[in-house]
Amino acid sequence: MNPFLLIKRATLSCHQSEIDLEGESAMEISQLKYMLTLAKHLNFSRAADEVCVTPSSLSQQIKKLEDELGVVLFGRTTRSVHLTPAGVEFIENAQKVLSQISEINVVMQKYIVGESGNISIGNCPALGAYGVTSLIASFQKTYPKISLQFYEAECFDLYPLLCNGKIDVAFLTAFDKCKPGKIPLESYPLVDDELVIIANTSHPFASREIIDLHEASQENFFSFSKSSGLYWDTIDACHLAGFEPRFSYETQYTDTILGLVSEGMGLAMLSSRTVTKNLQKNIAVIRFRPTKIRTLSVVFQKKQKPLPIILNFKNFFINWIKTNELRNTPFNSKSNV
C-alpha cells in the first residue's frame, strides 16, 4: 500500500510537522515516530525513554492517534503490548513516510548548502583554448547534482545578461573595458594570453619572429565584431603603436579569419592560445612589440549574500587560482595549456 494515497498534504517546519488526512483529523510527524518507537520496544516505559517523554504522555499520544483514525493500533493488557493487524499495516506505511520525509530533507539540504540547483554560465568563444573547460568539468565532478547551462556570446554581449541576472557568471576576456558602472561586479583573473599577428606564409612578416607593430600600420586587418574583446584589444594595441588600424573585413568567426589570412588577403590579431589550437597551413604566427596581454577572468555580480550554489562555484575557482598557474602566456611558459 502506498502511504501517500492517504496523505492529503504534508507541511514541515522547525517547531511542528503535520500530515492532514482525508478526514478532519491531523496526524503529527512526532506521532509517527512515537508509533515506530513503541512498535520497536512493545513497552511504554522503554519507548518513552527513547523519545524523551513520560510513559503516560506517550500513552496519551498513541490513544489520541487511535481515536483520530478510529482504529486500535496496539492491543494492551496489564502485562504486554502488541500490534493489532491495523497497527502492523500502519507501521509499514509510517516507516515509508518517515523514510521519504528524511530523503526530502537530504535533497533540500543540498540546495541549502549549494550542492544542487542550476548555474547559468556565459562564456566568450574559444573558451577551450584557455584550458578552462577542464576546470568546469572538474567542478561538475565535484558537484554532480548541479546543472550547468552555457550561453556563448561575445564579451560585451554578456555584460547585459550578467547585470540583468539572466546568467549567474561570465568568463570574459575584456572585463576592464566598458563594464557597466551601475551594477557592481567582481572579477578573478584566470588565464593570461598574448595577442599575436597571423599572416600568410608568403608575407614579408612571416620570416620574422617578432616585429614592431608600427611596421604594420599600412596593412589591411581582418577584425572581429565590435562586441568582441578581440576587436578592442586590436584597437588598443594599434593605438599604443601609434596608428589607427585599417579594417577590411569584419566577422564573428575565427575560422573565417583564419581562412582569409591563409589565402593571403590580409592580417589579423588573435589570441596566441586560439592560434595554437587552430593553426592552419600557410599561416605564420608573429609576435609584436609593444606586447599586448589579454586576461580571461571569471566574473560575478557583487552581492553581500550570494546564493550558496554561486558561492561554491566562485570558491572553486578562487581555490584553484591559489594553487595553479595559467597566468603565463604560451611564450613565457613551458606549457601551451
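The structure this text deals with has already been given above.
Since this is a predicted model, take the numbers as computed values, not measurements.

A. The packing of aromatic side chains, seen in detail. If you walk through the whole model with that rule in mind, you get 13 aromatic pairs. Between Phe222 and Tyr249 the ring centres are 6.3 Å apart and the planes differ by 85°, which places this aromatic pair in the edge-to-face class. Pair noted here: Phe222 is in strand β11 (residues 220-224) and Tyr249 is in strand β12 (residues 246-251), with a separation of 27 residues, a long-range link. Judged by centre distance (6.3 Å) and plane angle (70°), the ring pair of Phe300 and Phe313 falls under edge-to-face. Taken together, the positions of Phe300 in strand β15 (residues 293-301) and Phe313 in helix α10 (residues 308-323) put the pair 13 residues apart, joining distant regions of the chain. For the residue pair Phe300 and Phe313, the accessibility class agrees, reading buried in each case.

B. Representation of the nonpolar core. Formed by 37 residues in total, the largest nonpolar core has its most connected members in Ile119, Val132, Phe171, Phe313 and Phe317. Of all the elements in the fold, those that place two or more residues in this core are β6 (117-123), α5 (132-142), β7 (146-152), α6 (155-163), β8 (169-172), β9 (185-200), β15 and α10. Discounting chain neighbours no more than four positions away, the residues touching Phe317 are Val132, Leu135, Ile136, Phe171, Leu190 and Val298. Counting 30 residues, the second largest nonpolar core, distinct from the first, contains Ile211, Cys238, Leu267 and Val275.

C. Region of interest: the packing of helix α2 (residues 44-51) against helix α3 (residues 55-69). Running from N to C, α2 and α3 cross one another at 95°; their axes reach a closest spacing of 8 Å. On the basis of the axis angle, α2 is roughly perpendicular to α3. Residue-level contacts link Phe44, Ser45, Ala47 and Ala48 of α2 to Pro55, Leu58, Ser59 and Ile62 of α3. For the contact of α2 with α3, a count of residues per class yields 6 nonpolar, 2 polar and no charged.

D. Structural context of the packing of helix α1 (residues 29-41) against α3. Contact geometry for α1 and α3: axes closest at 10 Å, N-to-C directions at 110°. Put simply, α1 runs roughly perpendicular to α3. As for how α1 packs across α3, the hand of that crossing is left-handed. Taking contact as the criterion, the partners of Gln31, Tyr34, Met35 and Leu38 in α1 are, on α3, Leu58, Gln61, Ile62, Lys64, Leu65 and Glu68. When grouped by side-chain class, the residues that make up the contact of α1 with α3 number 6 nonpolar, 2 polar and 2 charged.

Conventions used here
Residues numbered from 1 in each chain as written. Predicted model: local features only at pLDDT ≥ 70, side-chain atom pairs only at ≥ 80, totals over all residues. Heavy atoms only, no water. Phe/Tyr/Trp six-rings, centres within 6.5 Å; stacked < 30°, edge-to-face > 60°. Helix = DSSP H or I, 4+ residues; strand = E, 2+ residues; numbered from the N terminus. Buried < 20%, exposed > 50% of the residue type's maximum accessible area, 1.4 Å probe, protein only. Core = buried A, V, L, I, M, F, W, Y, C linked by side-chain atoms within 4.5 Å. Contact = heavy atoms within 4.5 Å. Axes fitted to C-alpha atoms, helices over the stretch in contact; angles between N-to-C directions. Parallel < 35°, antiparallel > 145°, perpendicular 65-115°, else oblique. Nonpolar A, V, L, I, M, F, W, Y, C, P; charged D, E, K, R; others polar. Left-handed = near helix turned anticlockwise from the far one by under 90°.

Fair warning: the whole summary comes from geometry, so function is off the table for now.
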